[in-house]
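# Close look at the chain arrangement
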Amino acid sequence: MSLKSFIQQVSQLLFSTECNINSKFRFTQSEIKEILSNADSQNLKYFESLAKIKELSAFDVSFLMSGVKLDEYKISIIASACKLYDEKEFNALGQTFSDFIFRVSANINLLNESNLDVFKELVQCKNELYDFSKALKNPARARHQKHSNTCAYAFVNVFVQ
């Protein structure tokens, strides 16, 4: 075998290997290895579903896979919650996307499609509270009431001397 044929054969094998690499994931191999090594064994089957949510970083996926007991419904809630996140609104309040995901994970058992808007309002409040269980159990009560502009007085009669 000549040197030229050897180089051609190696280049063909490299090209065929590159074509067979699955490039659907946007994470590097080291990030994937780290995510999977830290993940809960029951959550491994949900890795691909979480990786498809473009807003989530490798850190966020790793946190969700290790800290939350996932199922298909919770993943759909996470995807819906990610769509609610508006970077301009939350960054103005000093909150990052990872803060938002931490709050989603802390309340994931109480979240559903109907109370996500209440959840967003609660997250936008400037506080260090991560557990919104009381408000999410009764979202109609927690919703901010519109204030009327009518004046009311504490005294019925005012006497002037």
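Worth saying up front: this structure is predicted, and the values here are computed from it rather than measured.

### Side note on the nonpolar core
Side chains that are nonpolar tend, in soluble globular proteins, to be buried together. Core analysis: the biggest nonpolar cluster contains 32 residues, and Leu50, Leu56, Ile78 and Phe100 have the highest contact counts within it. Mapped by element, the contributors of at least two residues to this core are α2 (29-38), α3 (47-51), α4 (58-67), α5 (72-84), α7 (97-106) and α8 (116-124). The element best represented in this core is α5, accounting for 5 residues. When near neighbours in sequence (up to four residues on either side) are disregarded, Phe100 contacts Ala81, Cys82, Tyr85, Phe90, Phe119 and Val123.

### Considering the packing of aromatic side chains
Throughout the structure, instances matching the rule amount to 8 aromatic pairs. When the centroid spacing of 4.8 Å and the interplanar angle of 20° are considered together, the rings of Tyr85 and Phe90 count as stacked. For the pair Tyr85 and Phe90, a shared accessibility class is recorded, and that class is buried. Between Phe100 and Phe119 the ring centres are 6.0 Å apart and the planes differ by 55°, which places this aromatic pair in the tilted class. One end of the pair, Phe100, is in helix α7; the other, Phe119, is in helix α8, and 19 residues separate them in sequence. Across the pair, exposure class does not vary: Phe100 and Phe119 are buried alike. Cluster of aromatic residues (ring-pair linked, three or more members): Tyr85, Phe90, Phe97, Phe100 and Phe119.

Definitions and limits used
Residues numbered from 1 in each chain as written. Predicted model: local features only at pLDDT ≥ 70, side-chain atom pairs only at ≥ 80, totals over all residues. Heavy atoms only, no water. Core = buried A, V, L, I, M, F, W, Y, C linked by side-chain atoms within 4.5 Å. Buried < 20%, exposed > 50% of the residue type's maximum accessible area, 1.4 Å probe, protein only. Helix = DSSP H or I, 4+ residues; strand = E, 2+ residues; numbered from the N terminus. Contact = heavy atoms within 4.5 Å. Phe/Tyr/Trp six-rings, centres within 6.5 Å; stacked < 30°, edge-to-face > 60°.

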